[in-house]
Structures are given as structure tokens and as C-alpha cells.
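Coordinate analysis (summary)
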There are 2 protein chains.
Amino acid sequence: MTVSHHDETGQAAADRGWQHAGDCRAISEVLSRIGDKWTVLVVELLDGGPMRFNELRRRIGNISQKMLTTTLRNLERDGFVTRTVFPTIPPRVDYELTGLGRELRVPVKALGHWARANIDRIQEARERFDGTRQG
Amino acid sequence: MTVSHHDETGQAAADRGWQHAGDCRAISEVLSRIGDKWTVLVVELLDGGPMRFNELRRRIGNISQKMLTTTLRNLERDGFVTRTVFPTIPPRVDYELTGLGRELRVPVKALGHWARANIDRIQEARERFDGTRQG
DNA sequence: CCGAATCCCCGCGGATACTG
DNA sequence: CAGTATCCGCGGGGATTCGG
């Protein structure tokens, strides 16, 4: 985890309605965990059912083996996917979403829906900003 | 935006229930936008009402001026906060959440709540993983 | 087929110094 | 007080090579 903010005193906390330090930490942690380049995409793909390594790779299309391996290891470590090895030749490895992984999709997709619903407003704000700044 | 995945053909899309490419893009975009180190923390702080630059700085405690400026500029550009300059001496600048900014907090906090509710399960999974891997 | 190991680039974010 | 400019380290992530 990268984000580390001060352990504040009860005094400082009382200063101005600031109870939710824990909320911020929780938000930052999950964000720093799934906010990387590939995690969400992999999770959404695995929602369709178990999938092999190279199938995932093909469907994503432009991911390196290294990053797919890393992404899957982290997801496995956190209990979001399971990794099943079939000791055949050539080997076969299936990845599948766990219950926890499927539950994670709910708030993540909610964020996505909000984004789709509001992308226009954001885009307008950007054009206003870029226009008035050096137009 | 960093994430750019393949423009897939309708054929590939039909292959296996894969309609939500747009969802993935939206999710990735918002995640890459607010998934940085400080954005969410600043937004949560501003929820308490308008705040001056150095007050934000103090309350966060360990952020550099550069990153606070950058974070606020990006938030302003996307229409999440307003920047109000009082041409006094010394100068005074207030930052305040817009309606859009306040709406953003809803799905973000939902994600945070999910994280708080499930951090134990994640922690257990991590210990299992780390334990069985080189215990 | 699945991955580990290595090398390398680049952008985020911190430290510091300077302006209006 | 608020902000810009510059320098720099670190880690994410890509390309390539090698192993089981």
C-alpha cells in the first residue's frame, strides 16, 4: 500500500467533523489495489466464467505475459480469483472468479456506471477549462 | 488516459457474451483518474465545506505543494471542484466541491464501504497465500 | 502452454528553491 | 499565502529471453 497519512490525535479529529479517516484509508487502499492498468479488465473478463491464461491474453490483446501473470497473482493473493493447474502436457491453468471477486464487481461496476452517466459533464468541464485557460 | 485496449470486431464480441467493453473503458478511465495518491483524500476533505490551500495542506499533513496543486488542478479541470481567488494581500484561494464532485463521492464511498466490510476476508486470503507459498 | 528472469523506459510523486 | 520551476528516485509496466 502506498498511501500513508498521519495518525491524527483525537484533538485534531474533533476539530472539524472528521470521523471518517478510516473510510479514506479503506477507499485509498482498494483504489491503489484495483486502480492499476489491468486488474479491472481481467476481473470483468473472468466474470464470463473460468478461463485459461492464453485465452485471457488473447482477449485482452495487448497485455504482456509479465503483467498478466502479475495481475493474476495479485488477484489470487487477495482471494479474488482461484488458480487451478491441470498437470497435463502441455500444462493447462484455469483462472476463475471467487465469490469475493464477484462481490467486488458490484461497487466497481457502480463506479463505472456513474462514469458512463457523467462522462459528458466531465468532458464539458474539461473543454471549458482548457478553453478559458489559454484560448 | 493510459488504458487503451483493442478495438474488437463484432465477431469477437459475439464470441462470448462480451457486450460491456464500454463499461470496462468507463471503469478504467474513472479509476485511472481518481486512483492516484491524493485525489480521493482531497475530495473527502472538501466535503466538509470550502477550504483554503494551506488549510488543505495542513489537514493532509504530508503532501507536497506540488502534488496538492496538481491534484486540485485536475479536479478543477474535470469540474469536481471550483477555485475561487480573492485578490487580497496576502492572496486567498478557496476550493469547493461542485455538485458533480459531491455526486462522485457516492460510488466512491460505496467502494470504500465494501472495502471496510471485506478487508478481513482479503487479509485472510493474503495470509493463506503467503503461508502456503513459502511457509 | 505457462511462466520466471532480466533489462529498460517513463511518469508519478517528493524535495527544494524561487516568485508575486 | 499560493504557486511555479527544477531536479531526482522509485516503481509500474513493456520487450525479450530462457525454463519446465
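Look up: the structure comes first, before these words.
Here's a quick rundown of the structure.

Parameters at a glance
Throughout, residues of each chain are indexed from 1 in the direction in which the sequence is written. Note on labels: chains are lettered from A, ligands numbered from 1, in written order. Only residues with pLDDT of at least 70 get local features here, since the model is predicted, and only at 80 or more are side-chain atom pairs given and counted; chain-wide, interface and lining totals rely on the full set of residues. Only hydrogens and water are set aside when side-chain values are computed; all heavy atoms of the structure are taken into account. For this document, the term salt bridge refers to a Lys or Arg side-chain nitrogen within 4 Å of an Asp or Glu carboxyl oxygen. Numbered from the N terminus, helices here are DSSP runs of H or I no shorter than four residues, and strands are runs of E no shorter than two. For each residue, the accessible area found with a 1.4 Å probe, counting protein chains only, is set against the maximum for its type, and the residue is called buried under 20%, exposed over 50%, and partly exposed in between. Superposition of the copies used a least-squares fit over C-alpha atoms from residues whose pLDDT is at least 70 in both. Contact between two residues is taken to exist if any of their heavy atoms lie within 4.5 Å; hydrogens are not considered.

**Considerations on the pattern of salt bridges**
- Tallied over the entire structure, the rule returns 24 salt bridges over all chains.
- Its salt-bridge partner being B:R116, residue A:D23 comes within 2.8 Å of it at the nearest N-O pair. With A:D23 in helix α2 (residues 21–34) and B:R116 in helix α6 (residues 99–134), this pair bridges two chains.
- Overall, B:R116 belongs to the partly exposed group, its relative accessible area being 45%.
- The partner of B:E103 in a salt bridge is A:R121, and the shortest N-O contact between them spans 2.5 Å. A residue pair is termed interchain when its members come from two chains, as with B:E103 in helix α6 and A:R121 in helix α6 (residues 99–134).
- The class for B:E103 is partly exposed, based on a relative accessible area of 36%.
- Taking the relative accessible area as the measure of exposure, A:R121 reaches 35% and is therefore partly exposed.

**Some details on helix α3 (residues 39–46) of chain B**
- Taking burial as the measure, the eight residues of α3(B) include eight buried ones, the bulk of the element.
- Among all positions in α3(B), only B:T39, B:V40, B:L41, B:V42, B:V43, B:E44, B:L45 and B:L46 are buried.

**Describing the relation of the copies chain B and chain A**
- With an RMSD of 0.0 Å, the operation that places chain B on chain A is a rotation of 180 degrees combined with a shift of 0.0 Å along the axis. In symmetry terms, the pair is related by a two-fold rotation axis. Within chain B, B:G35 has its C-alpha nearest the rotation axis, a separation of 2.6 Å.
- The share of interface residues of chain B whose copies in chain A are also at the interface is 100%, consistent with both copies meeting through the same surface.

Just distances and angles here, no functional claims.
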